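# Examination of the molecular architecture
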Amino acid sequence: MPSGGRALSRTAEDARGAGASGVYLDWAATAPPSRETADCLQETSREIFGNPSSIHRWGGQARALLEESRRIVAEELDCDSGLVRFTSGGTEANNMALLSLLRRPKPAHLVMSALEHASVHEPGRILEKFGWRVSRVRRGASGLVGAAEIGKALRPDTALVAVMLVNNETGQIQPLEEISGMLRERERSGGPRIHLHVDAVQGAGKIPFSVRGLGADSLSVSAHKFQGPRGVGILVAGGGLEPLHTGGGQEYGLRPGTENTPGIAAAGRALAAACRNREANLRHAGNLAAALLDGVRSCRQCRILPEDRLRRPGAFSPYIVSLAFPPIPGEVLVRVMDDRGYGISTGSACSSRKTGDTRVLEGSGVSREDAFSSVRVSFGPDTTEKNVLDFVHDLRREVELLFKVAR
Amino acid sequence: MDTLFLLKPGELMLKGANRPFFMRVLRKNLSQALREVPHRLEDRHSRILVRVAEADAPRTADILRRFIGISGFSPALVSGKSLDDIEHTASLLVGSLLRERGTARYKIEARRADKSYPLDSYGIACELGERLGRRFPDLTVSMREPDFILHVEIRGEVFLYALAEEGERGLPVGVSGRGILLLSGGIDSPVAGYLMAKRGLRLDAVYYHSYPYTGREVRDKVQTLAGLLARRIGGLNLHIVPFTEIQVKIRERAPEDRTTLFSRASMMRIADMLAFRRNANSLITGESLSQVASQTPESLRFTGSFASLPVLRPLVGMDKERIIGIARAIGTYETSILPYDDCCVVFASRHPVIRPKFQEMKESFMGLGIEEDLRKALRAAERITIDG
């Protein structure tokens with residue numbers, strides 16, 4: 001795997017850790033950019049610097065590259081290339097889809113899953129301040145936020161439903177075909193048109209899906225999650241969305257501003273590369289997740305989050321595994337494993353049991369205590385089985401040591 | 001042209017026979033605070049005169065405003081000895097004040113240290129007053145309620161000054177010796193340290209680090225706080241004591257509801273040992289009565305009993321708003337409220353003892369058998385010197 005960034009050893013505490021380079025198991029936070037991404041960024045920055053809006057040859061060259069990238073993205077996501085809008089990232093794409101509602105003549109109602117990423121959850125809170133009512137749907141008895149759960153939350157004035165494809169903390173996959181099917185069925189039987197927005201940030205290039213297949217009206221993607229560049233996102237969106245920013249009319253007026261051509265070109269290539277190897281990578285990730293879950297299951301106090309993951313492995317992205325060893329705070333485990341040379345992550349903070357952000361995990365049916373202790377392990381194509389086995393070995397040892405202290 | 005600042009020492013006038021010592025410390029602190037500004041210090045009886053280049057005047061004033069140990073200072077101008085020169089310089093001073101105010105009532109206080117000067121003090125005041133009155137119709141004389149007093153001091157040179165700025169007051173840092181500040185990442189302890197520095201204590205701060213139960217970001221935060229404090233008080237030493245093993249042993253060996261108090265007691269004990277090593281005479285904490293369980297009178301008695309030196313608790317009677325007000329004024333508040341806590345929940349008692357029974361708790365603590373660990377932790381401490 002590429003260097004995991006352990007070169008900046010800060011204190012003697014680091015020296016206890018394994019290996020100088022370390023093992024990066026935090027791909028859901030960000031993936032190391034591929035060589036192709038880095039090369040493409042560099043070359044395009046130098047060579048194709050024109051403004052795509054310019055009439056002259058430099059502009060034309062940039063415009064051609066931009067449109068080629070748009071075609072690549074459309075092909076990989078299976079949508080009309082006229083629907084692809086490049087943004088500054090997944091957060092902006094999600095905000096654009098949600099806050100577009102502010103342009104409607106009067107506030108109404110929207111539904112989102114309780115598991116949404118902050119970039120969907122927080123715009124929901126802004127909409128509430130403008131008079132919108134928001135229903136946040138927790139998972140039902142099936143363990144999912146499915147058509148039944150969403151259906152129950154709909155109202156006559158529901159304008160939008162937002163459900164994420166792959167949850168960024170647990171890897172849980174929501175049954176979006178089912179949800180869109182239900183929405184379209186209601187529409188056919190005379191119901192109003194409801195916009196379906198899908199945050200596919202943790203799914204793109206990793207698990208198979210298509211915009212058409214999901215039946216999404218808008219869908220967001222972030223390039224750095226699949227080894228593309230930082231600062232590039234994609235919003236697939238039809239005519240239903242209104243811009244909040246205005247300017248030179250770029251990206252069909254939805255996202256004005258001079259296009260980040262090098263980033264967009266690199267993002268297109270990275271998505272194509274990820275999709276090209278998607279099946280093989282997915283199988284590989286499946287093996288890694290199985291090895292990890294197998295290795296920790298017998299560990300004292302280990303909780304796999306949510307609990308039903310083992311019973312329904314198909315309902316989870318194998319790229320993301322959420323674990324907890326209560327009462328060891330997740331934050332402490334992350335530090336200890338960092339010292340051992342492994343990069344993993346957590347969502348909630350030690351010592352602030354009251355304020356730690358456990359919203360998503362609790363929405364997934366995880367207890368507050370488990371959520372507080374949770375750590376997330378996430379893989380990428382470069383993660384090896386040996387990485388995972390070493391990790392399990394060291395994790396077990398550290399957890400035993402920590403248990404001696406924790407009550 | 002040089003700019004002069006006349007400094008009025010704070011409580012030094014009260015200090016009788018100690019005065020020369022206090023002045024010596026004050027001058028040393030001043031030189032240290034102004035080390036990056038080329039300057040000269042001169043004693044003027046009860047005042048200190050700081051002479052800097054005119055271009056350095058603004059930053060000198062900034063330094064003086066936060067300098068501990070002076071009750072105020074005045075920017076002064078120097079003039080030649082002739083009355084024409086004095087009139088010219090006084091006009092500059094008065095002119096700039098009138099531009100700000102429009103009109104003003106004033107009086108002149110003249111002092112003639114140079115007795116060979118042809119006019120006496122009264123004569124100087126009269127003559128200068130008349131000349132200024134002719135120049136500035138908006139200026140009126142008021143002996144009882146002046147808006148400002150124009151001071152004229154005739155020595156080897158002639159000094160003129162009018163406005164006094166407030167200083168930080170307090171005693172020069174160092175005249176009371178050295179104190180050990182128990183510094184956490186919170187709001188209170190930096191304020192406590194600052195207040196005691198104003199009572200003349202030079203500080204060594206001690207922070208107890210429980211990695212990996214608390215993160216490096218907490219350590220960084222404490223170091224930032226120590227830096228902010230250092231800038232206010234003319235530097236300090238920060239000692240970072242590895243505390244994890246002690247926390248772990250307390251956790252293993254003590255009843256759950258006593259862990260918080262036992263940790264506090266251990267910190268006090270180590271700080272006390274550090275005080276002897278650093279030749280300090282007191283410990284300083286940010287404790288405020290009954291703010292939390294470990295700060296009830298009973299808890300303070302218990303934790304305080306681990307110190308042989310006096311434990312100074314300048315915040316003991318202050319409410320939180322007041323403490324926050326000081327923290328904002330000295331610039332530590334914004335850092336203190338960063339969301340990194342200095343104690344991990346793993347070690348905190350869920351329902352800590354609020355009214356510990358003294359004897360029972362003492363015996364229970366002794367039973368932990370961690371005395372050697374406390375010494376070991378102190379030996380392993382890392383010391384960081386932070387300039388003011």
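Position numbers for residues start from 1 in each chain and track the written sequence from start to end. The order in which chains are written sets their letters, starting at A; the order in which ligands are written sets their numbers, starting at 1. Only residues with pLDDT of at least 70 get local features here, since the model is predicted, and only at 80 or more are side-chain atom pairs given and counted; chain-wide, interface and lining totals rely on the full set of residues.

### Remarks on the overall build of chain A
- Looking only at helices and strands, one finds 14 helices and 12 strands in chain A.
- Throughout, the radius of gyration refers to the C-alpha atoms, and the reference size of a globule is 2.2 Å times the residue count to the power 0.38. The C-alpha radius of gyration computed for chain A amounts to 22 Å, which stays within 12% of the reference 22 Å derived for 407 residues, consistent with globular compactness.
- Restricting to contacts in chain A with at least 6 residues of sequence separation, those with at least 24 account for 72%. Secondary structure elements are taken from DSSP: a helix is a run of H or I of four residues or more, a strand is a run of E of two residues or more, and numbering for both begins at the N terminus. Throughout, a residue-residue contact means that the two C-beta atoms, derived from backbone geometry, are no farther apart than 7 Å.

### Examining the overall build of chain B
- What chain B contains, in helices and strands, is 13 helices and 15 strands.
- Relative to its length of 388 residues, chain B is extended, with a C-alpha radius of gyration of 27 Å against a globular reference of 21 Å.
- Considering only C-alpha atoms, chain B reaches an extent of 85 × 35 × 35 Å along its principal axes.
- Partly exposed residues are those whose C-beta has more than 12 but fewer than 20 other C-beta atoms within 10 Å; 20 or more makes a residue buried and 12 or fewer makes it exposed, with C-beta atoms placed from the backbone. Here chain B, with 388 residues, has 42% of them falling under the buried criterion.

### Notes on the domain arrangement of chain B
Residues and elements named next belong to chain B.
- Per the annotation, domain bounds derive from an automatic or database assignment of domains. Annotation of chain B at the domain level lists domain 1 (2–166) and domain 2 (177–386).
- Using only C-alpha atoms to locate each centre, domain 1 and domain 2 end up separated by 44 Å.
- Counting residues at the interface gives five residues for domain 1 and five residues for domain 2.

### What about the sheet that holds strand 5 (residues 158–162) of chain A?
Residues and elements named next belong to chain A.
- Strand pairing is defined by DSSP finding a minimum of two bridges between the two strands. Reading across from one edge, 2-8-7-6-5-3-4 is the order of the seven strands in this open sheet, with mixed pairing throughout. In this open sheet, the two strands that pair with only one neighbour each are strand 2 (84–87) and strand 4 (133–137). For this sheet the average axis-to-axis angle between neighbouring strands, irrespective of direction, equals 20°.
- Bridge count for strand 3 (residues 109–113) against strand 5 is four bridges, and the pairing is parallel. Only the stretch in contact is used when a helix axis is fitted, and all axes are lines through C-alpha atoms; the angle between N-to-C directions ranges over 0 to 180 degrees.

### Focus on the environment of A272 of chain A
- Tracing the backbone through its elements, the reader meets A272 of chain A in helix 9 (residues 261–276).
- With residues up to four places along the chain from it excluded, the contact list for A272 of chain A reads I72 and E76 of chain A.

### Some points on the sheet that holds strand 10 (residues 177–182) of chain B
All names here are of chain B.
- The sheet built from six strands is open, its strands ordered 14-13-10-11-12-15 with mixed pairing. The sheet terminates laterally at strand 14 (311–312) and strand 15 (382–386), the two strands that pair on one side only.
- Bridge count for strand 11 (residues 201–209) against strand 12 (residues 236–242) is six bridges, and the pairing is parallel. Each bridged residue has a counterpart across the sheet, and for Y208 the counterpart in strand 12 is V241.

### Quick notes on the domain arrangement of chain A
All names here are of chain A.
- According to the domain assignment, chain A consists of domain 1 (12–30 + 278–405) and domain 2 (37–276).
- Averaged C-alpha coordinates put domain 1 and domain 2 at centres separated by 28 Å.
- The partner domain 2 presents 22 residues to the 22 residues of domain 1 that form the contact.
- Here the residues of the side of domain 1 that touches domain 2 sort into 11 nonpolar, seven polar and four charged. Classes in brief: Ala, Val, Leu, Ile, Met, Phe, Trp, Tyr, Cys and Pro nonpolar; Asp, Glu, Lys and Arg charged; the others, Gly included, polar.

### Considering the pairing of strand 10 (residues 320–324) of chain A
Residues and elements named next belong to chain A.
- Burial analysis of strand 10 places five of its five residues in the buried class, which makes it a mostly covered element.
- Residues I320, S322 and A324 point to one face of strand 10 and V321 and L323 to the other, with burial holding for every one of them.
- Here strand 9 (residues 303–305) runs beside strand 10; their pairing, made up of three bridges, is antiparallel. Each residue of the ladder has a partner; that of I304, found in strand 10, is L323.
- Here strand 10 pairs with strand 12 (residues 374–378) via five bridges, running antiparallel. Paired with S322 across the strands is R376, a residue of strand 12.

### Thoughts on the environment of L244 of chain A
Residue and element names in this part refer to chain A.
- Residue placement: L244 occurs in the loop between strand 8 (233–237) and helix 9.
- Given 13 C-beta atoms within a 10 Å radius, L244 is considered partly exposed.
- Separated by 145 residues in the primary sequence, L244 and L99 place their C-alpha atoms 7.5 Å from one another.
- Among residues more than four places away in sequence, those in contact with L244 are L99, S100 and L102.

### Concerning the nonpolar core
- Grouped together as the largest cluster of nonpolar side chains are 113 residues, with contacts concentrated most on V161, V163, V198 and V236 of chain A.
- If you tally residues by element for this core, the top one is helix 9 of chain A, at seven residues.
- Note on terminology: a nonpolar core is a set of buried residues of type Ala, Val, Leu, Ile, Met, Phe, Trp, Tyr or Cys, with members joined through C-beta atoms within 7 Å. Of all hydrophobic cores here, the second largest spans 100 residues; its members include F5, F22, V241 and A254 of chain B.

### A short note on the pairing of strand 4 (residues 70–79) of chain B
Residues and elements named next belong to chain B.
- One ladder, built from six bridges, connects strand 1 (residues 2–9) with strand 4; its direction is antiparallel. Considered in strand 4, the bridge of P9 is made with I70.
- With two bridges connecting them, strand 4 and strand 9 (residues 165–166) associate as antiparallel partners. By the bridge assignment, G72 is partnered in strand 9 with E166.
- Note that strand 4 and strand 8 (residues 158–161) share four bridges and pair antiparallel. Looking across to strand 8, one finds that A76 is bridged to Y161.

### Some thoughts on the packing of helix 5 (residues 188–197) of chain B against helix 6 (residues 216–233) of chain B
Residue and element names in this part refer to chain B.
- Packing of helix 5 against helix 6 brings their axes to within 10 Å, and their N-to-C directions diverge by 20°. Compared by their axis directions, helix 5 and helix 6 come out roughly parallel. Crossing angle aside, the handedness with which helix 5 passes helix 6 is right-handed. Counting all contacts with helix 5, which are made through P190, G193, Y194 and A197, the residues of helix 6 involved are L225, L229, R232 and I233. Each angle gets one of four labels, with under 35 degrees taken as roughly parallel, over 145 as roughly antiparallel, 65 to 115 as roughly perpendicular, and the rest as oblique. The sense of a crossing depends on the near helix, which, turned anticlockwise from the far helix by less than a right angle, makes the crossing left-handed and, turned clockwise, makes it right-handed.

### Some thoughts on the environment of K404 of chain A
Residue and element names in this part refer to chain A.
- Its place among the elements puts K404 in helix 14 (residues 385–405).
- Judged by the 9 C-beta atoms lying within 10 Å of it, K404 is exposed.
- Along the backbone, K404 and A28 are 376 residues apart, and their C-alpha atoms lie at a distance of 31 Å.

### Here we look at helix 4 (residues 121–135) of chain B
Residues and elements named next belong to chain B.
- Taking 1.5 Å per residue, 15 residues should reach 21 Å; helix 4 reaches 21 Å between its end C-alpha atoms and fits that length.
- Along helix 4, the positions that sit buried rather than exposed are I124, L128 and L132. Along the axis of helix 4, the buried positions cluster into a sector of 50°, meaning they face one direction only. Residues Y122, E130, G133 and R134 are exposed on helix 4 and point more than 90 degrees away from its buried face.
- Buried positions along helix 4 lie against helix 3 (83–101), strand 5 (104–112), strand 6 (139–141) and strand 7 (148–154). Helix span, as expected, comes to 1.5 Å for every residue beyond the first. When we speak of the arc, we mean the arc of directions from the helix axis to the C-beta atoms.

### Quick look at the confidence of the model for chain A
Residue and element names in this part refer to chain A.
- Each residue carries a pLDDT score, the predictor's own confidence in it, on a scale running from 0 to 100. When pLDDT is averaged across chain A, the result is 90; 92% of the residues are at 70 or more.
- Here residues 1–19 is a poorly scored stretch, pLDDT under 50, and it has 28 contacts once near neighbours within four places are set aside; other chains count.
- Every residue in residues 348–355 scores below 50 in pLDDT, and together they form 22 contacts with partners more than four places removed in sequence or on other chains.

### Some remarks on helix 5 of chain B
- The element helix 5 of chain B is largely enclosed, with a buried count of 10 among its 10 residues.
- Those residues of helix 5 of chain B not exposed but buried are D188, S189, P190, V191, A192, G193, Y194, L195, M196 and A197 of chain B.

### Observations regarding the packing of helix 7 (residues 244–253) of chain B against helix 13 (residues 371–379) of chain B
Residue and element names in this part refer to chain B.
- Relative to each other, helix 7 and helix 13 sit at 160°, their axes nearing to 9 Å. Taken as axis vectors, helix 7 and helix 13 run roughly antiparallel relative to one another. By crossing handedness, the relation of helix 7 to helix 13 is classed as left-handed. Listed contacts from helix 13 to E245, I246 and K249 of helix 7 are D373, L374 and A377.
- Tallied by class, the residues present in the contact of helix 7 with helix 13 amount to three nonpolar, no polar and three charged.

### Observations concerning unusual backbone geometry
- Between P326 of chain A and P327 of chain A the backbone carries a cis peptide bond, its omega angle lying at 5°.
- Position of P327 of chain A relative to the elements: it lies in the loop between strand 10 and helix 11 (330–339).
- The omega torsion of the bond from Y211 of chain B to P212 of chain B falls at 5°, within 30 degrees of zero and hence cis.
- The phi angle at Q227 of chain A is positive, at roughly 70°, despite the residue not being glycine.
- Of note, Q227 of chain A is situated in the loop between strand 7 (218–222) and strand 8.
- With 27 C-beta atoms packed within 10 Å, Q227 of chain A lands in the buried category.
- Residue S290 of chain B is not a glycine yet carries a positive backbone phi of 60°.
- Tracing the sequence through the fold places S290 of chain B in the loop between strand 13 (282–284) and helix 9 (297–304).

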